[in-house]
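Summary of the model geometry
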Amino acid sequence: AQSVTQPDARVTVSEGASLQLRCKYSYSGTPYLFWYVQYPRQGLQLLLKYYSGDPVVQGVNGFEAEFSKSNSSFHLRKASVHWSDSAVYFCALSAPGGYKVVFGSGTRLLVSP
Amino acid sequence: DAGVTQTPRHEVAEKGQTIILKCEPVSGHNDLFWYRQTKIQGLELLSYFRSKSLMEDGGAFKDRFKAEMLNSSFSTLKIQPTEPKDSAVYLCASRPTGGDTGQLYFGEGSKLTVL
């Protein structure tokens, strides 16, 4: 079975601080992995994706994520957050060649001034 | 380019009413998804269409939820009859067939409140 776990429902960081949002997945092989962001009253937007190769992938707005097969993780990072990064972040997984996308429960990020 | 368009953005219904939510996917996208988003359950897949054919009908949502693709550029989600537990945001997403698996393009959602 495929599943995605985001253990932190809420994260608060100060503007300018570094950020890590955690994501653990369950899948028998190597899945496709994604991070999406949802700003208030908007749909989800793709931040970055991992299919294969270099385990560190770069996304938009300075975000990056690192895939770890040994830890079944795909954590999202940013070196210095801005107040505009406040949003809900979703980690997602799909099977190569499959159609279904499984989402985690989301992490609400609040960046304080 | 127009993204995914969902209407209405907000809907308030009385228990037992029938409501219809609408979605226009990105032009040229042949895969269309309906999701329900709640704080407790997160995103739940309601239905999935490929080239207008229903590929998944969401299992537990079958009895009162019916999604249709009337043509390649228009889909509806009917909830009949509505119940208060249906209060949620309903998201529509599209993707080009054969495109990056998982790279979905979402609409802004329709927020349903059932009294």
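Our structure is the block above this text.
Attention in this report is confined to the structure presented alongside it.

Criteria and cut-off values
Residues numbered from 1 in each chain as written. Chains lettered and ligands numbered in written order. Predicted model: local features only at pLDDT ≥ 70, side-chain atom pairs only at ≥ 80, totals over all residues. Heavy atoms only, no water. Phe/Tyr/Trp six-rings, centres within 6.5 Å; stacked < 30°, edge-to-face > 60°. Helix = DSSP H or I, 4+ residues; strand = E, 2+ residues; numbered from the N terminus. Buried < 20%, exposed > 50% of the residue type's maximum accessible area, 1.4 Å probe, protein only. Salt bridge = Lys/Arg side-chain N within 4 Å of Asp/Glu carboxyl O. Contact = heavy atoms within 4.5 Å. Polar contact = N/O pair within 3.5 Å; in protein donor to acceptor, adjacent residues only side chain to side chain.

Residue and element names in this part refer to chain A. Within the structure shown, the criterion is met by 16 aromatic pairs over all chains. A ring pair is formed by Tyr25 and Phe67, whose centres lie 6.2 Å apart and whose planes are at 20°; its orientation type is stacked. Of the two residues, Tyr25 sits in strand β4 (residues 24-26) while Phe67 sits in strand β8 (residues 64-68), which places them 42 residues apart along the sequence. Residue classification places Phe67 among the buried residues on the basis of a relative accessible area of 9%. Relative to Tyr89, the ring of Phe63 has its centre 5.6 Å away and its plane inclined at 45°; by these criteria the two rings are tilted.

With the rule as written, the count across this model stands at 13 salt bridges over all chains. Between Arg77 of chain A and Glu64 of chain A there is a salt bridge; the shortest N-O distance is 2.7 Å. One end of the pair, Arg77 of chain A, is in strand β9 (residues 73-78); the other, Glu64 of chain A, is in strand β8, with 13 residues separating them in the sequence. For Arg36 of chain B, the salt bridge identified is with Asp86 of chain B, shortest N-O distance 4.0 Å. Pair noted here: Arg36 of chain B is in strand β4 (residues 31-38) and Asp86 of chain B is in the loop between β8 (74-79) and β9 (88-95), with a separation of 50 residues, a long-range link. The pair Arg36 of chain B / Asp86 of chain B is uniform in exposure class, with both members buried. Linked through salt bridges whose partners overlap, the residues forming this network are Arg36, Glu44, Arg64, Glu83, Lys85 and Asp86 of chain B.

Right, let's get into the environment of Gln17 of chain B. Residues and elements named next belong to chain B. In this structure, Gln17 sits in the loop between β2 (10-13) and β3 (19-24). Relative accessible area serves as the criterion here: at 37%, Gln17 is assigned to the partly exposed category. Residues Gln17 and Thr38 lie 21 residues apart in sequence; the distance between their C-alpha atoms is 20 Å. Residues within four places of Gln17 in sequence aside, it is in contact with Ile79, Gln80, Pro81 and Thr82. One polar contact links the side chain of Gln17 to the main-chain amide nitrogen of Glu14, over a distance of 2.5 Å.

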